[in-house]
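Next come the chains, spelled out residue by residue.
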Amino acid sequence: MFEIEQQKYIFLKRYHIEISIFFAYICKTNEKSKFININTIHMKKFLLSIFALLTVLNMQLKADEGMWLPYNLSNQSLYEMQQLGCQLTAEQIFNLNQPSLKDAIVQFANGCTGELISPNGLLLTNHHCGLGYVQALASVEHDYLTDGFWALDMKEELPCEGLYVSFLSNVEDVTSKVLENVTTKETRDSIIDANIRAITKERKGDRDIRIEIVPFYSGNQYIMFEYDVYRDVRLTACPPWGIGKYGADTDNWTWPRHKGDFCIFRVYTSPDGKPARYSEENIPMQSKHYLPINIKGVSQGDYAMIMGYPGSTDRYSTSRTISNIINEEGPAIIDCRTTKLNEYRKHMDADQEVFIKYASKQASVSNYWKYYIGQVKQLQRNRVEERRLAQEEAFRAWVNADENRKAEYGSIFEDVDAKWNVLDEINKPMTYLREAGWNGGEAISFSRRFIRINNLFKDKASKEEIAQAAEALKTQAEAFYKDYDMNLDKDVTIALLNLIYKDIDKYVPSMITEIGDKNNGDFTAWVNEAFEKSIFVSQEKVNKWLAKPKKLDKDPIYALTMNIVDVYNNVIVPMYLEAANSGDEAERLY
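Residues numbered from 1 in each chain as written. Predicted model: local features only at pLDDT ≥ 70, side-chain atom pairs only at ≥ 80, totals over all residues. Heavy atoms only, no water.

Colleague: So what about the overall build of the chain? Which residues, and what values?
Modeller: The helix and strand inventory of the chain stands at 22 helices and 16 strands. Counting across all 590 residues of the chain, residues that qualify as buried make up 52%. For the chain, long-range pairs separated by at least 24 residues make up 75% of all intrachain contacts whose partners lie at least 6 apart in sequence. (Helix = DSSP H or I, 4+ residues; strand = E, 2+ residues; numbered from the N terminus. Buried < 20%, exposed > 50% of the residue type's maximum accessible area, 1.4 Å probe, protein only. Contact = heavy atoms within 4.5 Å.)

Colleague: Got a sec to walk through the packing of aromatic side chains? Specific residues and values, please.
Modeller: For the structure shown, the criterion picks out 30 aromatic pairs. Relative to W398, the ring of F395 lies with its centre 5.7 Å away and its plane at 40 degrees, an arrangement referred to as tilted. Here F395 pairs with W398, and both are found in helix α12 (residues 384–400), just three residues apart, close to one helical turn. Measuring from ring centre to ring centre gives 5.3 Å for W438 and Y568, while their planes differ by 80 degrees; the resulting arrangement is edge-to-face. Note that W438 is positioned in helix α14 (residues 412–438) and Y568 in helix α22 (residues 556–589), a separation of 130 residues in sequence. The residue whose ring lies beneath R231 is Y164, and the NZ or CZ to ring-centre distance is 5.7 Å. (Phe/Tyr/Trp six-rings, centres within 6.5 Å; stacked < 30°, edge-to-face > 60°. Lys NZ or Arg CZ within 6 Å of the ring centre and 35° of its normal.)

Colleague: So what's going on with the state of the cysteines? Which residues, and what values?
Modeller: This structure, assessed with the given rule, holds one disulfide. Paired through a disulfide, C112 and C129 show a sulfur-sulfur distance of 2.1 Å. Its S-S torsion of about -85 degrees marks the bond between C112 and C129 as left-handed, since a negative value means left-handed. One end of the pair, C112, is in strand β6 (residues 112–116); the other, C129, is in helix α4 (residues 127–137), and 17 residues separate them in sequence. This pair shows no difference in class: C112 is buried, exactly as C129 is. The thiol of C238 is not disulfide-bonded; the next cysteine sulfur, from C263, is found 3.7 Å away. Among the residues examined, C238 registers a relative accessible area of 2% and is labelled buried. (Disulfide = S-S within 2.5 Å.)

Colleague: Describe α12, listing the residues and the values that go with them.
Modeller: For α12, with 17 residues, the first-to-last C-alpha span of 24 Å sits near the 24 Å given by 1.5 Å per residue. For α12, the complete set of buried residues consists of V384, R388, E392, F395 and V399. The buried residues of α12 occupy an angular sector of 70 degrees when projected down its axis, which confines them to one face. Residues of α12 that are buried in the fold lie against α10 (319–350), α11 (352–381), α13 (403–409) and α14. (Expected span 1.5 Å × (residues − 1). Arc of directions from axis to C-beta.)

Colleague: With reference to specific residues and values, describe the packing of α10 against α12.
Modeller: Close contact between α10 and α12 brings their axes to 8 Å; oriented N to C, the two are set at 165 degrees. When the axis of α10 is compared with that of α12, the two are roughly antiparallel. Relative to α12, the crossing made by α10 is left-handed. Each of S319, I322, S323 and I326 in α10 lies in contact with α12, whose residues at this interface are V384, E385, R388, L389 and E392. Of the residues belonging to the contact of α10 with α12, the class tally is four nonpolar, two polar and three charged. (Axes fitted to C-alpha atoms, helices over the stretch in contact; angles between N-to-C directions. Parallel < 35°, antiparallel > 145°, perpendicular 65-115°, else oblique. Left-handed = near helix turned anticlockwise from the far one by under 90°. Nonpolar A, V, L, I, M, F, W, Y, C, P; charged D, E, K, R; others polar.)

Colleague: Which residues make up the pattern of salt bridges, and what values do they have?
Modeller: The tally for this structure, following the rule as stated, stands at 27 salt bridges. Between R203 and E172 there is a salt bridge whose closest N-O contact spans 2.7 Å. Linking R203 in helix α7 (residues 185–204) with E172 in strand β10 (residues 165–173), this pair joins segments that are 31 residues apart in sequence. R203 gets classed as partly exposed once you look at its relative accessible area, which sits at 25%. Given the relative accessible area of 23%, E172 is considered partly exposed. Residues K361 and E442 are paired through a salt bridge, measuring 2.6 Å at the closest nitrogen-oxygen approach. (Salt bridge = Lys/Arg side-chain N within 4 Å of Asp/Glu carboxyl O.)

Colleague: I'd love a proper account of the pairing of strand β12 (residues 221–230), names of residues and values included.
Modeller: The buried count for β12 comes to eight of ten residues, which makes it a mostly enclosed element. Strand direction decides the pairing type here: strand β11 (residues 209–216) and β12, joined by eight bridges, are antiparallel. Bridging from a neighbouring strand, I211 pairs with E226 of β12. Hairpin connection, β11 to β12: the antiparallel pair is bridged by four residues, and Y217 has positive phi, about 50 degrees. (Pairing = 2+ DSSP bridges.)

Colleague: Let's hear about the environment of E540: which residues, and what values?
Modeller: By the secondary structure assignment, E540 is in helix α21 (residues 539–547). On the basis of relative accessible area, E540 is assigned to the exposed category, the value being 69%. Between the alpha carbons of E540 and E478 there is a distance of 10.0 Å; along the sequence they are 62 residues apart.

This is the structure in structure tokens:
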């Protein structure tokens, strides 16, 4: 599948705030017990939160705009921070050889930020970040989602299968190694991918660590981040639903937040203090550094900053990118997710068991649904596209004032326009086929995992190979159907297929066109029949098939999935990559 992954990095932003901050935590900075306020709002949300803080509450806020990698904090930035009241040195913020603030700020699971708040590995994160792990432990009999959970001692803490936290242990600029042998834009991506795999394999060796090599500035720089991964993480506390989700989507990505937006976990290690998988013999982590909580709160004029793992930032994107988000990508994601969420809410409100199964899924879908609503609104409100156009006009004038600059930079915006002329055409169908198509209904999405085994039949693989593939799918099926409701999925699938047929008129998979034309755009009858015939709507049917696997081409859900994937991978993605190759070089140069 072609997907653009949002990489996570550790960043720092500084603020001088004229008001008290909701949920502020205090970090001891030296032996004389001087403190710095740490705002624990998830870093992914900081831009829209700041916009909302200014526009909704009309509060006074002075912020030095920008984000910095803590390991590369400049003397000028640190000086400005200290002028605003920061009492930390650069080494106290980030130090690879001694305990520092970075050792208290962790990456929780695969994207959230967490903070150590005790010497014994107690970890704080956002409610939605821990929600999936609370949901996995919940049942109708032990409804930790609705009622909350609180371990009264360490023996009552609950192991969370699959949960891990990552501590940054090393940072290195590997730009020259990643770009080695890159000579043409046609081969750039494949060479870079091969170089990254080789660097990662060499650095990782036999160690159980995580390596990320991340592009910055449109691929002009590559930084390698090395993490120690702790895989024994246990639930300590989660507030009741009425507290943890108070305000729900209305409050999400906005200020003020009225909810108790937290979950508490504890990190465990082997008896010798090393990362380890779950064992009853493991002990609470002895934290290198942690953030003591100041129960006195904050005062007017206190210094505050945010440190954490945000999503990627596009601060150097062109006006064409902004226009696409406002007019194409943003509205498409909002429409697809609104349709899915409406069906989720209908079924979750009617059945407590379904609510438990889908609480985390609903939160995941709604999180970036609300994000895109706010992003589009604020991009328009703050006239970001107009401001980018003005910056680009100034850049053009600077280029045109010198013949050498014209020779080097003169075609940048022509190449950018060529890229976005294509992307503007395909972005809406591309988004719909991803959000409402192969990643829309759950049976459709799950059936993609069977592409490999079905191809084994086409390739006339041995019975042993097919049996091994089937065995691997049994575990996946068990995990998938644990939190699956067929009736909900049926309604979601109907609504999303109706949406695709109604809203896009280019690059529509042939099956969707044929079914929609035949049924006046209503997929109800077809989906009902498909769910009757397909193996993918129940664990019993899938297990029966896995016991005696055969070709899936005639399964209606699988056939639709492959039709959607074929258009996406073989029509839209090549157009995307060709356009990107022509425009990405220009954006790197810009």
